[in-house]
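Reading the structure
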Amino acid sequence: MLSAESAAGAYPVEAVRVMADTIVATEASPYDNVNPIDLTMPKGMEEIAGATVSISEASFVAGDVLSFETMGNITGAYDSATRTLTLTGTASKAAYEAALSAVKFRSTSDDPTVNDTKTSRSISYTVTDANSDGAGAETSLAATATVNVTAVNDAPEVTAVATLEYTENAAA
């Protein structure tokens, strides 16, 4: 289990814990859930205002996508230019744990490992509290997980470009 923990009291969200260090995604498979998440918050912190989930620039491959389906008050938008999925909407700790655990990864690339040079992706998570303690909104340190990507040898496809007519016993 990986975590990004702050010094006591330094951040409203004391820790973002990724419950599984690594998951596996296969090329052309449906979206795969990235990781279950656990949030540790000090007493008095009741709500979270937002979160981000990002693919590191160093491990990103064109065609990588993070996705999320709206859950209650929490909505998400993926920005491919920054490789970041931003979740917004004030909700409880439990709701954000569920939302972050529901984030999915997929690569639409025909070569998602770039000839086996990028076989994993580094995924980072941060959360921002909703100022429920009145001390101001703060963002957590990032927690990081790994998605191992497996490429698939795609079968070649043949496409007919024209229709040929043939008459039996005629010269070809």
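Per chain, residues are indexed from 1 in the order of the written sequence. Thresholds applied to this predicted model are a pLDDT of at least 70 for local features of residues and 80 or more for the giving and counting of side-chain atom pairs; totals over whole chains, interfaces and linings are not thresholded and use all residues. In computing side-chain values, all of the structure's heavy atoms are included and hydrogens and water are not.

1. A look at the nonpolar core
In this description, a nonpolar core means a group of buried Ala, Val, Leu, Ile, Met, Phe, Trp, Tyr and Cys residues linked to one another through side-chain atoms lying within 4.5 Å. Burial here depends on accessible area, computed with a 1.4 Å probe over protein chains only, as a share of the maximum for the residue type. Under 20% is buried, over 50% is exposed, and the range in between is partly exposed. Counting residues in each nonpolar core, the largest one holds 24 residues, and the members touching the most others are Val53, Leu66, Leu87, Tyr96 and Leu100. Each helix corresponds to a stretch of at least 4 residues labelled H or I by DSSP, and each strand to a stretch of at least 2 residues labelled E; elements are numbered beginning at the N terminus. Breaking this core down by element, the ones donating at least two residues are strand E6 (47-55), strand E9 (84-92), helix H1 (93-101), strand E11 (120-129) and strand E12 (143-150). Non-local contacts of valine 53, meaning those with residues more than four positions away in its chain, are made with Leu66, Arg83, Thr84, Leu85, Leu100, Val103, Ile123, Ser124 and Tyr125. Any two residues whose heavy atoms approach within 4.5 Å are treated as being in contact.

2. Focus on the environment of isoleucine 74
Among the secondary structure elements, isoleucine 74 is positioned in the loop between strand E7 (64-67) and strand E8 (75-79). On the basis of relative accessible area, isoleucine 74 is assigned to the buried category, the value being 0%. Sequence separation between isoleucine 74 and leucine 87 is 13 residues; the distance between their C-alpha atoms is 6.4 Å. Once residues lying within four places of it in the same chain are set aside, the contact partners of isoleucine 74 are Phe68, Leu87, Thr88, Gly89, Ala91, Ala95, Tyr96 and Ala99.

3. Concerning the pattern of salt bridges
Every case where a carboxyl oxygen of Asp or Glu lies within 4 Å of a side-chain nitrogen of Lys or Arg is listed as a salt bridge. Scanning the entire structure with this criterion turns up two salt bridges. Residue arginine 121 pairs with aspartate 64 through a salt bridge whose shortest N-O separation is 2.5 Å. With a gap of 57 residues between them, arginine 121 in strand E11 and aspartate 64 in strand E7 connect regions that are remote in the sequence. By relative accessible area, which is 1% here, arginine 121 ends up buried. Here aspartate 64 falls in the buried class, since its relative accessible area comes to 3%. The salt bridge involving glutamate 97 is made with lysine 93; its shortest N-O contact spans 3.5 Å. Linking glutamate 97 with lysine 93, this pair stays in helix H1, spanning four residues, or about one helical turn.

4. So, the confidence of the model for the protein chain
Confidence in the prediction of the protein chain, expressed as mean pLDDT, is 78, and 73% of residues score 70 or more. Each residue carries a pLDDT score, the predictor's own confidence in it, on a scale running from 0 to 100. Model confidence for the protein chain, summarised as mean pLDDT per element, is weakest for strand E1 (residues 2-5) at 38 and strongest for E8 at 96. Predicted confidence for residues 1-13 stays below pLDDT 50, and this span has 41 contacts to residues more than four positions away or in other chains.

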